[in-house]
Amino acid sequence: MPCKNDKTPLESGCYYHVYNRGINRERLFLSREHFDLFLARYCELMKYLVETYCYCLISNHFHFVFRIKDSNGFDKLVSKNLNKLFSQHALLINKESNRYGSLFCKSFKRIKITNEHYLKNLIVYVHENPTKHGLTKNYKSYPYSSYQEIILNTSKLIDPESIFYLFGGYPGFIEHHESNDLHTRKNKNTHHH
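Residues numbered from 1 in each chain as written. Predicted model: local features only at pLDDT ≥ 70, side-chain atom pairs only at ≥ 80, totals over all residues. Heavy atoms only, no water.

A. How the structure looks around the overall build of the protein. Along its length, the protein carries six helices and four strands. The order of α-helices and β-strands along the protein, N terminus first, is β-α-β-β-α-β-α-α-α-α. In terms of principal-axis extent, the alpha carbons of the protein reach across some 45 × 40 × 35 Å. Relative to its full complement of 193 residues, the protein shows a buried share of 50%. If you average the places of the 27 positive and of the 18 negative side-chain charges in the protein, the two averages end up 8 Å apart. (Helix = DSSP H or I, 4+ residues; strand = E, 2+ residues; numbered from the N terminus. Buried < 20%, exposed > 50% of the residue type's maximum accessible area, 1.4 Å probe, protein only. Lys, Arg positive; Asp, Glu negative; His and termini not counted. Charge placed at Lys NZ, Arg CZ, Asp CG, Glu CD.)

B. Spotlight on the sheet that holds strand β2 (residues 50-58). Overall, antiparallel pairing links the four strands, which are arranged β2-β3-β1-β4 in an open sheet. In this open sheet, the two edge strands, each paired with only one partner strand, are β2 and β4 (109-113). Ignoring which end each strand starts from, the neighbouring axes of this sheet average 15° apart. Here helix α1 (residues 32-46) sits on the sheet and contacts β2 and β3 (61-68); the angle it forms with β2, its principal contact strand, is near 165°. Along the sheet face, helix α3 (residues 116-132) touches β1 (15-21), β2, β3 and β4 and points at about 30° away from the line of β2. (Pairing = 2+ DSSP bridges. Axes fitted to C-alpha atoms, helices over the stretch in contact; angles between N-to-C directions. Contact = heavy atoms within 4.5 Å.)

C. Representation of the environment of Q88 within the structure. Checked against the element boundaries, Q88 lands in helix α2 (residues 74-97). A relative accessible area of 28% means that Q88 is categorised as partly exposed. Between the C-alpha atom of Q88 and that of P171, which follows or precedes it by 83 residues, the distance is 39 Å. Setting aside residues no more than four positions away along its own chain, Q88 makes contact with R41 and L45.

D. Fine view of the environment of L91. Positionally, L91 belongs in helix α2. Exposure remark for L91: the relative accessible area of 61% places this residue in the exposed category. Each C-alpha atom, one on L91 and one on H61, is 17 Å from the other, the two residues being 30 residues apart in sequence.

E. Spatial organisation of the pairing of β2. For β2, the tally of buried residues reaches eight of nine residues, placing the bulk of the element in the interior. When β2 meets β3, the two strands line up antiparallel, connected through eight bridges. The residue of β3 that forms the bridge with V50 is I68. The turn joining β2 and β3, which pair antiparallel and follow one another in sequence, is formed by two residues.

F. How the structure looks around the pattern of salt bridges. Counted under the stated rule, the structure contains five salt bridges. Close ionic contact of E51 with R67 constitutes a salt bridge, the shortest N to O distance being 2.6 Å. Residue E51 is located in strand β2, and its partner R67 is located in strand β3; the two are separated by 16 residues in the primary sequence. Residue E51 is classed as partly exposed on the basis of its relative accessible area, which comes to 29%. The partner of R67 in a salt bridge is D70, with the nearest N and O atoms 2.4 Å apart. By relative accessible area, R67 is classed as buried at 13%. Classification of D70 by relative accessible area gives exposed; the value is 57%. (Salt bridge = Lys/Arg side-chain N within 4 Å of Asp/Glu carboxyl O.)

G. The arrangement of α3 in detail. Between its first and last C-alpha, α3 extends 23 Å over 17 residues, near the 24 Å set by a 1.5 Å rise per residue. If you look at α3, its biggest bend is around 35°, right at V126, and the proline P130 turns up within four residues after that. Most of α3 sits inside the fold, with 13 of its 17 residues counted as buried. Where α3 begins, the side chain of N115 points an oxygen toward the backbone nitrogen of H117, at a separation of 3.2 Å. Following α3 by one or two positions, G134 adopts a phi angle in the positive range, close to 70°. (Expected span 1.5 Å × (residues − 1). Bend = angle between axes of the 7 residues up to and from the residue. Polar contact = N/O pair within 3.5 Å; in protein donor to acceptor, adjacent residues only side chain to side chain.)

Take a look at the structure:
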């Protein structure tokens, strides 16, 4: 996987894995409220531009997987709105923790997803992120990822039906996550970010 992922152009109708971290690995979220506010703002700024497939927020980084909707100019708006989200969030954290300057690494990283197999494995990878980073033994109950929301159909952001369709139904979604559990642990070094 290429390391220089911040120059990939965003195009309408395409799928992307977007992620970023705090500068010097600083924390992006200091309280439950910060996680909630970041997600609410993401929803507000992005819902009409993209179809979100999954997300996971960790204290010092985040992941989103989405498809940019087929409308002219949405590609440029996605970048603009993500940057707006980051700067609004940085202002909040800076104010609350009496810090100055950038909070996020300069450019958010993005990887274009070009096939369904990769998309499905990526969704599992994003959901398993909290386990990978030792935050929980069971990623399924982690509160700041889309796994529970998809299962329980409680998301304002994600349409579970389109996710289940991708996996050939609800059982396929569960099965794909289960079968990849050990696989992911064995191949911890396949993703670097």
